[in-house]
Amino acid sequence: MNRIAIIGASGQLGRLITDALKRHFPESEIIPLSRKTPLVQYGYTVFDPDTDDWSKLGKIDILINSAGIIQESKDAAFHQVHIDLMHTIIENRQLIGNPKIIHISALGADPLHPIAFLRTKGEGDQILIKQQDAYILRPSIVCTPNALLVQKFKTLFELSSRYLFNHTLLPTDFSKTRIQPVMPSDLEKVVIALCENNPEQKVWNVVGAEEISFGWLMELASGVRNQKITTIEIPKNLVASVTKNFISVWFPGLINYDQFQLLFKDNIADKRPMEHLIGKQAESTLSFWENEFKG
């Protein structure tokens, strides 16, 4: 029987992975870890990787790190979660039996990236990639219910209908950006395949069947919601300045500057290595987006 521990198990991806492991490995001991004490009643083990004694976990066969943040807060900074935690995991690895490590990063992670989210993810990856028996997963946007991207589009449409007479102001080239979202089931299959196997390849891009653009999402949302939106393009530099100096400061819940920058970065990759690993074609996400916009 394997013992599999998941750091960040209370997060959106952590919950998905935890549930998938429990279904697929019923004879194994699955240990979801969380910093939050109230979650103990739901079967979580309360564990703070920054301050707790790692030896209390006992021998772990596989350690999955799904901890990550898309924006900083007063309680969590990119460097702390994406880089410092990686050092902590490696420093304590031997205390818990030198387990295999599976780390959930992000598609596009690069230690030289100008965007802090992807740069710190990339720096964390660089630390781990030097380790033996360690794997890095770089998923694209994962199609989970009530996805952040859908929330942003819905907010955009509501603001357009309420204040701009069904017109929307968008920065130049926004509609051209391409993304390659992935269904949760494919991410789960990649994690399970790496639990069961030890391939030579250490870094795995996890992407869906098709590339889609933000422009396509706009058209889909408009049709599903039966709400015709007329787009007015504004120079990107002007919108960037407003986002950085006004929206990020006064309305960070709407969009911050890092998120704004990500809107102009294609987020795509070759799906074939992932498909070979899981033994099937990547799932289409098209019906997911249609159903989400109906909600």
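Going by the structure above, here's the rest.
Residues numbered from 1 in each chain as written. Predicted model: local features only at pLDDT ≥ 70, side-chain atom pairs only at ≥ 80, totals over all residues. Heavy atoms only, no water.

Participant: Give me the lowdown on the overall build of the protein, citing residues and values where you can.
Facilitator: A count of helical and extended segments in the protein gives 10 helices and 11 strands. Taking the principal axes of the C-alpha coordinates as reference, the protein spans close to 60 × 40 × 40 Å. The long-range fraction of contacts in the protein, counting pairs at least 24 apart against all pairs at least 6 apart in sequence, stands at 79%. Surface summary for the protein: the accessible area is close to 14800 Å², and the carbon and sulfur share equals 52%. A distance of 3 Å separates the average location of the 31 positive side-chain charges in the protein from that of its 33 negative side-chain charges. (Helix = DSSP H or I, 4+ residues; strand = E, 2+ residues; numbered from the N terminus. Contact = heavy atoms within 4.5 Å. Areas by Shrake-Rupley, 256 points an atom, 1.4 Å probe, with all protein chains shown as cover. Lys, Arg positive; Asp, Glu negative; His and termini not counted. Charge placed at Lys NZ, Arg CZ, Asp CG, Glu CD.)

Participant: Please give an account of the layout of surface pockets that cites residues and values.
Facilitator: The calculated volume of the second largest pocket comes to roughly 150 Å³. Contributing to the lining of the second largest pocket are Ile70, Gln71, Glu72, Phe78, Ser248, Pro252, Asn256, Tyr257 and Asp258. Counted by class, the lining of the second largest pocket contains 4 nonpolar, 3 polar and 2 charged residues. (1 Å grid on protein atoms, 1.4 Å probe; cavity = no way out; pocket = protein on both sides within 12 Å on 5 of 7 lines; lining within 4 Å. Points joined across faces, edges and corners; volume = space filled by probe spheres on them. Nonpolar A, V, L, I, M, F, W, Y, C, P; charged D, E, K, R; others polar.)

Participant: Tell me about unusual backbone geometry, residues and numbers included.
Facilitator: For Asp133, which is not glycine, the phi dihedral falls at a positive 55 degrees. Note that Asp133 resides in the loop between helix 3 (116–128) and strand 6 (134–139). Judged by its relative accessible area of 33%, Asp133 is partly exposed. In the Ramachandran plot, Asp173 falls in the positive-phi region, its phi being about 75 degrees despite a non-glycine side chain. In this fold, Asp173 is placed in the loop between strand 7 (167–171) and strand 8 (178–179). (Buried < 20%, exposed > 50% of the residue type's maximum accessible area, 1.4 Å probe, protein only.)

Participant: Please set out helix 3 residue by residue, giving values where relevant.
Facilitator: Here helix 3 contains 13 residues, and its C-alpha end-to-end distance of 18 Å stays within 8% of the 18 Å for a straight helix at 1.5 Å per residue. Across the 13 residues that make up helix 3, a large majority, 10, are buried. Within the sequence span of helix 3, burial applies to Ala116, Phe117, Leu118, Thr120, Lys121, Gly122, Gly124, Asp125, Ile127 and Leu128. Considering only its buried residues, helix 3 is in contact with helix 2 (78–92), strand 5 (100–104), strand 6 and helix 8 (257–262). (Expected span 1.5 Å × (residues − 1).)

Participant: How would you explain the packing of helix 1 (residues 12–24) against helix 5 (residues 184–196) if you had to name every residue and give the values?
Facilitator: At a closest axis distance of 10 Å, the pairing of helix 1 and helix 5 adopts a crossing angle of 60 degrees. Classified by the angle between their axes, helix 1 and helix 5 sit oblique to one another. Handedness of the helix 1/helix 5 crossing: right-handed. Of helix 5, the residues touching helix 1 (which contributes Leu13, Leu16, Ile17, Ala20, Leu21, Arg23 and His24) are Pro184, Leu187, Glu188, Val191, Ile192, Cys195 and Glu196. (Axes fitted to C-alpha atoms, helices over the stretch in contact; angles between N-to-C directions. Parallel < 35°, antiparallel > 145°, perpendicular 65-115°, else oblique. Left-handed = near helix turned anticlockwise from the far one by under 90°.)

Participant: Account for the environment of Lys271, with residues named and values stated.
Facilitator: As for its position among the elements, Lys271 is in the loop between helix 8 and helix 9 (272–278). Sequence-wise, Lys271 and Gln281 are 10 residues apart; in three dimensions their C-alpha atoms are separated by 8.6 Å. Not counting the four nearest positions on each side in its chain, Lys271 is found in contact with Gln180, Val207, Gly208 and Ala209.

Participant: Summarise the packing of aromatic side chains; cite the residues concerned and give the values.
Facilitator: Under the criterion given, the structure shown has 9 aromatic pairs. Ring centres 5.1 Å apart and planes at 65 degrees place the aromatic pair Phe260 and Phe264 in the edge-to-face group. Comparing Phe260 with Phe264, the two get one shared label, buried. Aromatic side chains Phe288 and Trp289 sit 5.0 Å apart centroid to centroid with 80 degrees between the ring planes, which places their arrangement in the edge-to-face category. Neither Phe288 nor Trp289 differs from the other in exposure class; each is buried. One aromatic cluster is present, formed by Phe153, Phe174, Phe214 and Phe293 through successive ring pairs. (Phe/Tyr/Trp six-rings, centres within 6.5 Å; stacked < 30°, edge-to-face > 60°.)

Participant: Account for the sheet that holds strand 6, with residues named and values stated.
Facilitator: An order of 3-2-1-4-5-6-9 is seen for the 7 strands of this open sheet, with the pairing classed as parallel. Whereas interior strands pair on both sides, the edge strands pair on one side only; in this sheet they are strand 3 (45–46) and strand 9 (203–206). Note: strand 4 (residues 62–65) against strand 5, 4 bridges, orientation parallel. Within strand 5, the position partnered with Leu63 by the bridge is Ile101. Docked against the sheet, helix 1 engages strand 1 (3–7), strand 2 (29–34), strand 4 and strand 5, running at close to 165 degrees with respect to strand 2. (Pairing = 2+ DSSP bridges.)

Participant: Lay out the packing of helix 4 (residues 148–163) against helix 10 (residues 286–294) in plain terms, naming residues and giving numbers.
Facilitator: Relative to each other, helix 4 and helix 10 sit at 50 degrees, their axes nearing to 10 Å. When the interaxial angle is binned, helix 4 and helix 10 end up oblique. By crossing handedness, the relation of helix 4 to helix 10 is classed as right-handed. Between helix 4, through Leu149, Val150, Phe153 and Lys154, and helix 10, the contact on the second element is made entirely by Trp289, Glu292 and Phe293. Split into classes, the residues belonging to the contact of helix 4 with helix 10 amount to 5 nonpolar, no polar and 2 charged.

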